Amino acid sequence: MEATTQTPDWKKLIWTGETSPKIRLLLWKITQGALPTGANLQQRGLMQHTTCIRCGELETEAHLFLHCDYARQVWTSSLFRDQLDPSAFPTFLDALTFGKTAVGLPPLGVLADIFPWVCWYIWIARDQMIFEKRFIKPEITVSKAIWSAREWKLAQPTVTQKPCTIKQVIIPDLDDLIVCCSDAAWRKETNMAGFGCIFMDKRGTVVSQANRVERSIPSPLVAEALALRWALFTALSLDYTKICFRADCQSLVTALNAHSSTTPPAGLYGIIQDIDHLSLSFSSVSFKFIARISNSATDELAKAALCTATPSPP
Ligand SMILES: [Zn+2]
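For the structure given in this document, a descriptive report is provided here. The model shown is predicted, which means the values in this text are computed figures rather than measured ones.

The next point concerns the coordination of the zinc ion. Binding of the zinc ion to the protein goes through C52 (SG), C55 (SG), H63 (NE2) and C68 (SG), at separations of 2.1 to 2.3 Å. Geometry at the zinc ion is tetrahedral, judged from its 4 donor atoms and the angles of 93 to 126° they form at the metal. If you list the donors of the zinc ion from N- to C-terminus, the spacing comes out as C-x2-C-x7-H-x4-C. Of this pair, C55 sits in the loop between α3 (38-43) and α4 (61-67) while C68 sits in the loop between α4 and α5 (69-75), placing them 13 residues apart in sequence. Overall, C55 belongs to the partly exposed group, its relative accessible area being 42%. You can call C68 buried: its relative accessible area is 4%.

This next bit is on the state of the cysteines. Counted by the stated rule, this structure contains 0 disulfides. C244 forms no disulfide, and the closest cysteine sulfur to it belongs to C181, at a distance of 8.4 Å.

So, about the packing of helix α9 (residues 220-237) against helix α10 (residues 250-257). With their axes 9 Å apart at the nearest point, α9 and α10 run at an angle of 55° to one another. In this view, α9 runs oblique relative to α10, as classed from their interaxial angle. Once α9 is placed against α10, the crossing between them reads as right-handed. Residues L221, E224, A225 and L228 of α9 form the contact with α10, whose participating residues are S251, L252 and L256.

Once that is clear, we can look at unusual backbone geometry. Positive phi is not limited to glycine here, since N191 has a value of about 55°. If you trace the backbone, N191 turns up in the loop between β2 (178-187) and β3 (192-200). Using a relative accessible area of 32% as the deciding quantity, one classes N191 as partly exposed. The backbone of S216 sits at a positive phi, close to 55°, despite the residue not being glycine. By secondary structure assignment, the location of S216 is in the loop between β4 (206-214) and α9.

With that out of the way, let us pick up the nonpolar core. Residues F65, W75, F199, I243 and F245 are the most contacted members of the largest nonpolar core, which totals 74 residues. The greatest single-element share of this core, amounting to 12 residues, is contributed by α9. There are two domains that each give this core at least three residues, and those are domain 1 (10-155) and domain 2 (165-308). In this structure, F65 is in contact with I30, L35, A71, W75, F92, C119, I122 and W123, ignoring residues within four places of it in sequence. Residues A185, M192, A302 and A309 belong to the second largest nonpolar core, which totals 7 residues.

Two side chains that carry opposite charge are able to pair once their charged atoms sit near each other. Taken as a whole and judged by the stated rule, the model has 9 salt bridges. A salt bridge links D248 to R292, with the nearest nitrogen and oxygen atoms 3.8 Å apart. On the criterion of sequence distance, the pair formed by D248 in the loop between β5 (242-247) and α10 and R292 in the loop between β6 (284-289) and α12 (296-308) is long-range, its members being 44 residues apart. According to the relative accessible area criterion, D248 is buried, its value standing at 6%. When its relative accessible area of 58% is taken as the criterion, R292 is described as exposed. Among the charged side chains, a salt-bridge network with shared partners connects E59, R126 and D127.

Once that is clear, we can look at the packing of aromatic side chains. The final tally for this structure, using the stated rule, is 9 aromatic pairs. Taken together, a centroid distance of 4.7 Å and an interplanar angle of 15° make the contact between W75 and F115 stacked. Taken as a pair, W75 in helix α5 and F115 in helix α7 (residues 114-132) lie far apart in primary sequence, 40 residues in all. F115 shares its class with W75; the two are buried. A network of ring pairs unites the aromatic residues F65, W75, F92, F115 and W123 as a single cluster. Across from the ring centre of Y70, 3.7 Å away, lies the NZ or CZ of R54, which sits over that ring.

In this structure, β3 lies alongside β4, joined through 8 bridges in antiparallel fashion. Residue pairing across strands places G196 opposite N211, the latter belonging to β4. The antiparallel pairing of β3 with β4 creates a hairpin that spans 5 residues between the two strands, and G204 there sits at a positive phi of about 90°.

Conventions used here
- Residues numbered from 1 in each chain as written.
- Predicted model: local features only at pLDDT ≥ 70, side-chain atom pairs only at ≥ 80, totals over all residues.
- Heavy atoms only, no water.
- Donors = N, O, S within 2.8 Å, 3.2 Å for Na, K, Ca; no water.
- Tetrahedral: all angles 85-135°; square planar, octahedral: opposite > 155°, others 65-115°.
- Helix = DSSP H or I, 4+ residues; strand = E, 2+ residues; numbered from the N terminus.
- Buried < 20%, exposed > 50% of the residue type's maximum accessible area, 1.4 Å probe, protein only.
- Disulfide = S-S within 2.5 Å.
- Axes fitted to C-alpha atoms, helices over the stretch in contact; angles between N-to-C directions.
- Parallel < 35°, antiparallel > 145°, perpendicular 65-115°, else oblique.
- Left-handed = near helix turned anticlockwise from the far one by under 90°.
- Contact = heavy atoms within 4.5 Å.
- Core = buried A, V, L, I, M, F, W, Y, C linked by side-chain atoms within 4.5 Å.
- Domains from an automatic or database assignment.
- Salt bridge = Lys/Arg side-chain N within 4 Å of Asp/Glu carboxyl O.
- Phe/Tyr/Trp six-rings, centres within 6.5 Å; stacked < 30°, edge-to-face > 60°.
- Lys NZ or Arg CZ within 6 Å of the ring centre and 35° of its normal.
- Pairing = 2+ DSSP bridges.

Below, the structure is given as structure tokens:
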């Protein structure tokens, strides 16, 4: 009998493409039936915890990652340009094949291979529900996936770009409020921007700081907004939960605190949406204006990143 050509080539799907080793391993386990899902445990003769913790159906890979109502809520929260309907995929491999070519919606930016990251966080949310009795909202699962995919991608070294450096000085009490000042320095000649963010505890002691460079930035306002969005990513990577962001760009802070029906300044719509999305991952978050003179340390950090960067080749 000839092998069917319809079966997706799972090896190609998993081992090619840009994603982290842990994500590939997860995909490999899913496709090999090696993940300890209820159905797989049942196959091995274990009769406990065979059903979905959320709805009571048999916990197969397709159920857990696609067909359970929780997974459906995750997938339908505007991740892709072509809306993903998980019920259209009978098996996980079918969905993985779709995910390989799916195009993320514009605000999500550089998000090739977001699909496996979402799977990763669905699995994490499932584990937290079972083992810690913690319910992770679908939108939190989505933001974590987006954030991790982007951070992973940004952390991959490229020829011309320096990865960002986070300098953690003190590990603060994570229940305390952290204040984060962010700033951007923009260079018109190269359209490059340096981003800086400084995190302080309630006593004003610097607990960590980071800077980086970003290319193809059209305006200083966009640079300020992207610097703030990146500060949110950085705060999440440092596990800060209660945070107040400060920026010296009045129109940005006003746009963030405005009612959602007001139109943000031109070019900021997608970035503001991203920031709103990321804000969901903190237990408390606020945005305040800070006078430029009080933000000079962050400004210097942003400028320092710009100074060390080399312009892109033409
Ligand atoms: Zn379920």
